[in-house]
Amino acid sequence: MPRRSGRRLYEGDPLAEHEFGHDQPGDSGRAAYRPEESAASTRSGAAGYPQQSAQRPQAPDSKGFVASLFDFGFTSFVTPKVVKVLYPLIMILAALGALVWVIIAFKVNAVFGVFALFILTPLYFLIVTAFYRIALELFIVIFRIADDIQALRQRDDMR
């Protein structure tokens with residue numbers, strides 16, 4: 001639906017605010033031309049796409065752990081804060097589990113204990129930490145995608 005006035009339909013809703021190209025019915029997928037934007041503010045990278053900055057934008061409503069925990073509106077997330085503490089705890093527990101495994105292996109048999117100490121225990125520790133690291137990274141990636149979508153909405157790039 002082309003724009004008929006200077007006001008946008010559903011103003012305030014970032015997903016419904018569309019800028020149509022040249023107000024033609026067939027141009028609904030093309031962004032409108034904005035001559036007020038300077039060339040310096042629309043630097044382009046390869047193939048005319050905007051250049052990406054090397055730093056991640058920080059969420060403007062970052063709260064502490066306790067404030068995020070009691071945020072009943074779910075405007076800030078606890079999971080990215082918990083992951084930073086949870087991964088070292090998982091590594092410590094995996095190391096303690098491996099140590100218990102070595103002690104039990106030595107009680108069973110000295111040869112089995114040496115085999116467990118040099119081969120089975122490091123393998124166990126690497127597999128456990130890799131599994132949990134991948135799972136935690138998956139959570140962080142999901143939250144970063146959410147942050148990126150929020151940044152796009154704030155920049156009004158969602159069309």
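Our subject is the structure listed above.
S.K.: With reference to specific residues and values, describe the overall build of the protein chain.
M.R.: Summing up its helical and strand segments, the protein chain has three helices and zero strands in all. Its helices and strands in sequence order give the protein chain the pattern α-α-α, from N to C terminus. When each of the 159 residues of the protein chain is scored for burial, the buried share is 18%. A sequence separation of at least 24 residues applies to 38% of the contacts in the protein chain between residues at least 6 apart.

S.K.: Explain the nonpolar core residue by residue, including any values.
M.R.: With five residues, the main nonpolar core is built from Val83, Tyr87, Ile90, Leu136 and Ile140. For this core, the elements supplying multiple residues, two or more each, are α2 (79-108) and α3 (110-154). Here this core takes three residues from α2, the largest share from any one element. With residues near it in sequence (within four places) discarded, Val83 still touches Pro88, Leu136 and Ile140.

S.K.: Report on the environment of Met91, specifying residues and quantitative values.
M.R.: With respect to the element layout, Met91 can be found in helix α2. Contacts of Met91, omitting those with residues within four sequence positions, involve Phe125 and Thr129.

S.K.: Mind laying out α2, listing which residues take part and the relevant values?
M.R.: Between its first and last C-alpha atoms α2 spans 41 Å; for 30 residues at 1.5 Å apiece the expected length is 44 Å, and the two agree. At Val85, α2 shows its maximal kink, close to 30 degrees; a proline, Pro88, follows between one and four residues later. Along α2, the positions that sit buried rather than exposed are Val83, Tyr87, Ile90, Ala94, Ala98, Val102 and Ala105.

S.K.: Requested: an account of a nonpolar patch on the surface, with residues and values cited.
M.R.: On the surface, Val100, Ile104, Phe106, Val108, Phe112, Val114, Phe115, Leu117, Phe118 and Ile119 cluster together into a nonpolar patch covering about 930 Å² of accessible area. Sorting elements by how many residues they give to the nonpolar patch places α3 first, with six residues. Within the secondary structure, Leu117 sits in helix α3. Judged by its relative accessible area of 36%, Leu117 is partly exposed.

S.K.: Account for the environment of Ala116, with residues named and values stated.
M.R.: Position of Ala116 relative to the elements: it lies in helix α3. C-alpha separation for the pair Ala116 and Ile103, spaced 13 residues apart in sequence, amounts to 9.3 Å. Contacts of Ala116, omitting those with residues within four sequence positions, involve Val102, Ala105, Thr121 and Pro122.

S.K.: An account of α3 is needed here, citing residue identities and associated values.
M.R.: The terminal C-alpha atoms of α3 lie 64 Å apart, and with 45 residues this matches the ideal 66 Å at 1.5 Å per residue to within 8%. When we look at burial in α3, the residues that qualify are Gly113, Ala116, Thr121, Val128, Thr129, Leu136, Ile140, Phe143 and Ala151. Along its buried surface, α3 packs onto α2. Two or three places before Val111, at the start of α3, stands the capping residue Asn109, its side-chain oxygen 3.3 Å from that residue's backbone nitrogen. Immediately beyond the C-terminal end of α3, within one or two residues, lies Asp156, with a positive phi of roughly 65 degrees.

Criteria and thresholds
Residues numbered from 1 in each chain as written. Predicted model: local features only at pLDDT ≥ 70, side-chain atom pairs only at ≥ 80, totals over all residues. Heavy atoms only, no water. Helix = DSSP H or I, 4+ residues; strand = E, 2+ residues; numbered from the N terminus. Buried < 20%, exposed > 50% of the residue type's maximum accessible area, 1.4 Å probe, protein only. Contact = heavy atoms within 4.5 Å. Core = buried A, V, L, I, M, F, W, Y, C linked by side-chain atoms within 4.5 Å. Expected span 1.5 Å × (residues − 1). Bend = angle between axes of the 7 residues up to and from the residue. Patch = residues over 30% accessible without salt bridge, like charges linked within 9 Å, V, L, I, M, F, W, Y side chains within 5 Å. Areas by Shrake-Rupley, 256 points an atom, 1.4 Å probe, with all protein chains shown as cover. Salt bridge = Lys/Arg side-chain N within 4 Å of Asp/Glu carboxyl O. Polar contact = N/O pair within 3.5 Å; in protein donor to acceptor, adjacent residues only side chain to side chain.

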